[in-house]
Amino acid sequence: TRRAQVVPPFVERTDLLLDLLSMHDDGVPLMLAGPLAKGVELAKKVGTPVDIIADAGHAAGMRMRDYGGFGDPKSAKNALLIETGQHWRASSVTVAKDVTARFLAASGVVEPGDLPADWKQPTPARQRVVEVTHAIATKRGNFTPARRFEGQETIAKAGTLLGHDDGEPVTTPYDNCVLVMPSSNRPLRAGVTVVRLGRLA
């Protein structure tokens, strides 16, 4: 609570914000750009990682990325949230440094040549935008996955079984459904999001 009270004044006076996070599960890095076009455009300007996730927010509470002017399409303020990879992995630190260097250069705060030379990694050949359409939450923590799922896995056919929650089948709602940050491979509490489902924009 004390930490939460310290942060808001810094966020309120910030024009551009990069929120660095790592994941519980072992997944590929993701840029959570929010529901607004300005977030997606900033993510493209940064140029990495491959997947830009356009999502409406988090049921557990507002992210800094959505706070105040960051969540206002008329405001020039802008923010991104990067999930760098699994907690404690050295590769997550590498991703964080790469994205931080690119974000600072894109903002114009520093010249690219003034950043540590070993921070920037090779640029992906392309990026893709995934629009989140569904967030599947377990009712009582009893979700049983049909198999082990990987982050950003694309399920080709609509109606593919993902698992059962309290005995009820959970299936993909459309063809080429992308599984965003599945957390079904570990024990879950009631109300926790099991997976977000997205389609390629």
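Please read these numbers as outputs of a predicted model, since none were measured by experiment.

What counts, and at which threshold
Residues numbered from 1 in each chain as written. Predicted model: local features only at pLDDT ≥ 70, side-chain atom pairs only at ≥ 80, totals over all residues. Heavy atoms only, no water. Buried < 20%, exposed > 50% of the residue type's maximum accessible area, 1.4 Å probe, protein only. Helix = DSSP H or I, 4+ residues; strand = E, 2+ residues; numbered from the N terminus. Pairing = 2+ DSSP bridges. Right-handed = clockwise from strand over helix to strand, strands pointing away. Axes fitted to C-alpha atoms, helices over the stretch in contact; angles between N-to-C directions.

1. A short note on the pairing of strand β3 (residues 51–54)
Phase 1: Of the two faces of β3, both are covered, the one formed by Asp51 and Ile53 as well as the one formed by Ile52 and Ala54.
Phase 2: Two elements, strand β2 (residues 30–32) and β3, share three bridges in a ladder whose sense is parallel. Residue pairing in the sheet places Leu30 in a bridge with Asp51 of β3.
Phase 3: For the crossover from β2 across helix α2 (residues 37–46) to β3, the handedness is right-handed.
Phase 4: By the bridge criterion, four bridges tie β3 to strand β5 (residues 128–137) in an arrangement that is parallel. Its bridge partner being in β5, Ala54 is matched across the sheet by Glu131.

2. Some words on the sheet that holds strand β8 (residues 161–165)
Phase 1: With respect to topology, three strands assemble into an open sheet ordered β6-β8-β9, the strand pairing being antiparallel. Edge positions in the sheet fall to β6 (143–145) and β9 (168–171), since each of these pairs with one other strand and no more. Between one strand axis and the next, the sheet turns through 30° on average, direction left out of account.
Phase 2: Relative to β8, β6 is paired through three bridges, and the arrangement is antiparallel.

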